[in-house]
Amino acid sequence: MSKKLSMQQRYSALTRGLDWTPTYVDAEQVYPYTRFEGIKVHDWSKWDDPFRLTVDSYFKYQAEKDKRLYAVIDGFVQGQGHLSLSDAKYVNAMKLFLQGVTPLEYAAHRHFAYLARYYDGPGPRFAALCQSIDELRHTQTEVHTLSSYNKMFGGMHSWPQQFDRVWYLSVPKSFFEDAMSAGPFEFLIAISFSFEYLLTNLLFVPFMSGASFNGDVPTMTFGFSAQSDESRHMTLGLEAIKFLLEQDEDNVPLVQAWIDKWFWRGYRLVSLIAQMLDYMLPRKVMSWKESFELYFEEQMLGGLFADLEFYGIRPPKHVDQAIGEKEILSHQVAWTLYQFSHAAAFTTTVPDAEHLDWLSEQYPDTFDKYFRPLWDKAARIQEGGGRYFSGGLPQLCQVCQVPMLFTEPGDPTTIAQRENLYEGERYHTCSDGCQWIFEREPEKYVQAWLPVHQILQGTCGGPTIPDVLAWYGLQDGDSGEYVGSLDQQDWQKWHAEIEVGS
Amino acid sequence: MNAAGTRKVGFDLQEGSDDNRFLVEAISADNPEAVVTSMPGLMRVQAPGRMVINRDSVEQRLGRPWETHEFQLAIVSYFGQIAEWDDDQIVIGWQH
């Protein structure tokens, strides 16, 4: 035996070499969950992990990443980094991130820990274990990073409670709970492949680049630190799908149906990101449309799906509708959040003139025609001393739980609404994609906890907006209009003090 | 549909450290068709079909030993499939 093992030998010794075959208990009793979905696996040893990561190198490099991140956070706090942001408005993006994404990291941690116990093969078990630890690390680094903002700005003080209760946070929450209540292979295609490989670049790369551009170095650093783990998670997703497709031809239609479902579920979830890129970053990096074209159309449809065609996999069902929406998605979501931010844990405002012009340039075919007039009208109302908030409750999609704000394919002025009858009850969905998902598993989606229905049923603290906001755990200054908000007043006061001091 | 040899593959790397700058130099030297672009905080290296990172090339530029696992400290994201990752080389390409 050579003195030093090669990477491949070490991986094999420390992963496969530590596995054993149960003899006094039936293997199916030890691993009871990997058969009921119908997936056929004949040889787990064919699973390959290109990173060839072992426990010792995993901890060595993760420790180094953490060391770098916490040095940045220390520097930020000691150097009054919150004052060097592009604008206090920017923090709204971070509020949404902490409220929506951090709990998802924790949910991912829990479920990957479960999979690290229950996959039959040692390769995927170990990959799931590393990912489980990664996700817990992400939860912690995000909380630590954002806690320095929580001392200065509103909206971030009760995020776990908000995640369980606030209406718009049911969008990410229901997405993950849908995946966690599926089988182990569906979860892997949902999270590791459809979300992390197909869509996660849209979330992290341009947004973290945007954080850098807006003076938010800690967020950029935790984002890149997390995303470097994500590249391993993407590899897990890609390896999983190729493994399943190569194991048995009967797996192909099952995997295709999961791609079809989870692409659309994930795409609806990232509509929140679309408006973060186009509306919440005071300094722009790229538009949602550019980001979608680069990270999804070019890299995924043009690159990945050409590879998967070999196995008989086609691009996700309803992907054409997603492409058709790239010109309108962020504006429709941002307009909805503007109308309902009196009941949210962030603030919104009308984009300023320079911002509106940027949106016109980025979206020459749609912005001036459909969306600029809405913002102009809202600006006129604000100039007259008012502020438009919707007084009603939005109807939510039974599947993605986003308010019914999306429009008919090719017609940006007509709201899309689909309906199904199931056991005598009527259920509504926002799109052909969500309707198709509902029709496949109505018995699952009729159980959805829809925030608006719950408010109307009286289970959310009471009938009035202040009752519901108190139940959400929100405080004065968390919600509403940005101009004149506590965040803006503080921001102006801090910067006036700097002027006086200099 | 493009063949596997012409569809682009690439890495997004963190900008700012000397190590990562040398890494990009090594990739560019070993992959003549590689194109480097910048975004705030990020460097993107991409090439048609296939891209190789050689430990030797990186070590020459860094002037110290470099383990291929150290690449995990630099990478933000990638597109393509990681075809090989061993002690001497990382290869990214499309399979089909």
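These numbers were taken from a predicted model, which means no experiment stands behind them.

1. Focus: the environment of His144 of chain A
All names here are of chain A.
Right, on to step 1. Within the secondary structure, His144 is located in helix H6 (residues 122-150).
Right, on to step 2. Taking the C-alpha atoms as reference points, His144 and Thr413, 269 residues apart in sequence, are found 43 Å from one another.
Right, on to step 3. Discounting chain neighbours no more than four positions away, the residues touching His144 are Tyr70 and Ile73.

2. A closer look at the pattern of salt bridges
All names here are of chain A.
Right, on to step 1. For the coordinates displayed, the defined rule picks out 45 salt bridges over all chains.
Right, on to step 2. The partner of Asp178 in a salt bridge is Lys444, and the shortest N-O contact between them spans 2.9 Å. With Asp178 in helix H8 (residues 170-180) and Lys444 in helix H19 (residues 442-445), this residue pair connects regions lying 266 residues apart in the sequence.
Right, on to step 3. Sharing partners across several salt bridges, the network here consists of Asp178, Glu186, Lys261, Arg265, Arg440, Glu441 and Lys444.

3. Some points on the sheet that holds strand S2 (residues 35-39) of chain B
Right, on to step 1. Judged by pairing direction, the sheet is antiparallel, and its four strands sit side by side in the order S2-S3-S1-S5 (chain B) without closing on themselves. The sheet is open, and its two borders are formed by S2 and strand S5 (75-79) of chain B, each paired with just one other strand. Recorded for the sheet is a direction-independent mean angle of 20 degrees between the axes of neighbouring strands.
Right, on to step 2. Pairing analysis gives four bridges linking strand S1 (residues 8-14) of chain B to S5 of chain B, with the strands arranged antiparallel. The partner of Phe11 of chain B across the bridge, within S5 of chain B, is Tyr78 of chain B.
Right, on to step 3. Together, S1, strand S3 (42-48) and S5 of chain B form the strand contacts of helix H10 (residues 217-247) of chain A, whose direction differs from that of S5 of chain B by roughly 35 degrees.
Right, on to step 4. Relative to S3 of chain B, helix H1 (residues 18-30) of chain B is tilted by about 10 degrees, and along the sheet it contacts S1, S2 and S3 of chain B.

4. Remarks on the UniProt feature "domain: YHS" (unreviewed entry) in chain A
Right, on to step 1. Summarizing the sequence annotation, UniProt attributes the feature "domain: YHS" (unreviewed entry) to residues 407-449 of chain A in the numbering used throughout.
Right, on to step 2. For the annotated span residues 407-449 of chain A, helix accounts for 30% and strand for 40% of the residues, and the straight-line distance between the end C-alpha atoms is 24 Å.

5. Topic: the sheet that holds strand S6 (residues 81-85) of chain B
Paired through backbone hydrogen bonds, the strands of a sheet run either parallel or antiparallel to each other.
Residue and element names in this part refer to chain B.
Right, on to step 1. Pairing is antiparallel across the open sheet formed by three strands, whose spatial order is S4-S7-S6. With partners counted over all chains shown, the strands left at the sheet margins are strand S4 (50-54) and S6, one partner each. On average, adjacent strands in this sheet sit at an angle of 15 degrees to one another, irrespective of strand direction.
Right, on to step 2. With five bridges joining them, S4 and strand S7 (residues 89-93) adopt antiparallel strand pairing. Note on S7: the bridge partner recorded for Val52 is Val91.

6. Section: the interface of chain A and chain B
Right, on to step 1. Facing the 44 residues of chain A at the interface are 31 residues of chain B.
Right, on to step 2. Taken over both partners, the interface formed by chain A and chain B buries close to 3,400 Å², and the fraction arising from carbon and sulfur atoms is 57%.
Right, on to step 3. Applying the counting rule to chain A against chain B returns four salt bridges.
Right, on to step 4. For the salt bridge of Lys8 of chain B with Glu298 of chain A, the shortest nitrogen-to-oxygen distance reads 3.8 Å.
Right, on to step 5. There are 18 residue pairs in polar contact (both at pLDDT 80 or more) connecting chain A and chain B.

7. Here we look at the pairing of S2 of chain B
Right, on to step 1. Here five bridges tie S2 of chain B to S3 of chain B, and the two strands are oriented antiparallel to one another. Bridge pairing in S3 of chain B places Met39 of chain B opposite Leu42 of chain B.

8. Notes on the nonpolar core
Right, on to step 1. Counting residues in hydrophobic clusters, the biggest one holds 183 residues, and the most contacted among them are Phe97, Phe193, Trp288, Phe296 and Leu304 of chain A together with Leu13 and Phe71 of chain B.
Right, on to step 2. When residues in this core are grouped by element, the largest group, 18 residues, is from helix H9 (residues 184-213) of chain A.

Cut-off values and rules
- Residues numbered from 1 in each chain as written.
- Chains lettered and ligands numbered in written order.
- Predicted model: local features only at pLDDT ≥ 70, side-chain atom pairs only at ≥ 80, totals over all residues.
- Heavy atoms only, no water.
- Helix = DSSP H or I, 4+ residues; strand = E, 2+ residues; numbered from the N terminus.
- Contact = heavy atoms within 4.5 Å.
- Salt bridge = Lys/Arg side-chain N within 4 Å of Asp/Glu carboxyl O.
- Pairing = 2+ DSSP bridges.
- Axes fitted to C-alpha atoms, helices over the stretch in contact; angles between N-to-C directions.
- UniProt positions renumbered as here; feature names shortened; annotations may be inferred.
- Buried area = accessible area lost by both parts, 1.4 Å probe.
- Polar contact = N/O pair within 3.5 Å; in protein donor to acceptor, adjacent residues only side chain to side chain.
- Core = buried A, V, L, I, M, F, W, Y, C linked by side-chain atoms within 4.5 Å.
- Buried < 20%, exposed > 50% of the residue type's maximum accessible area, 1.4 Å probe, protein only.

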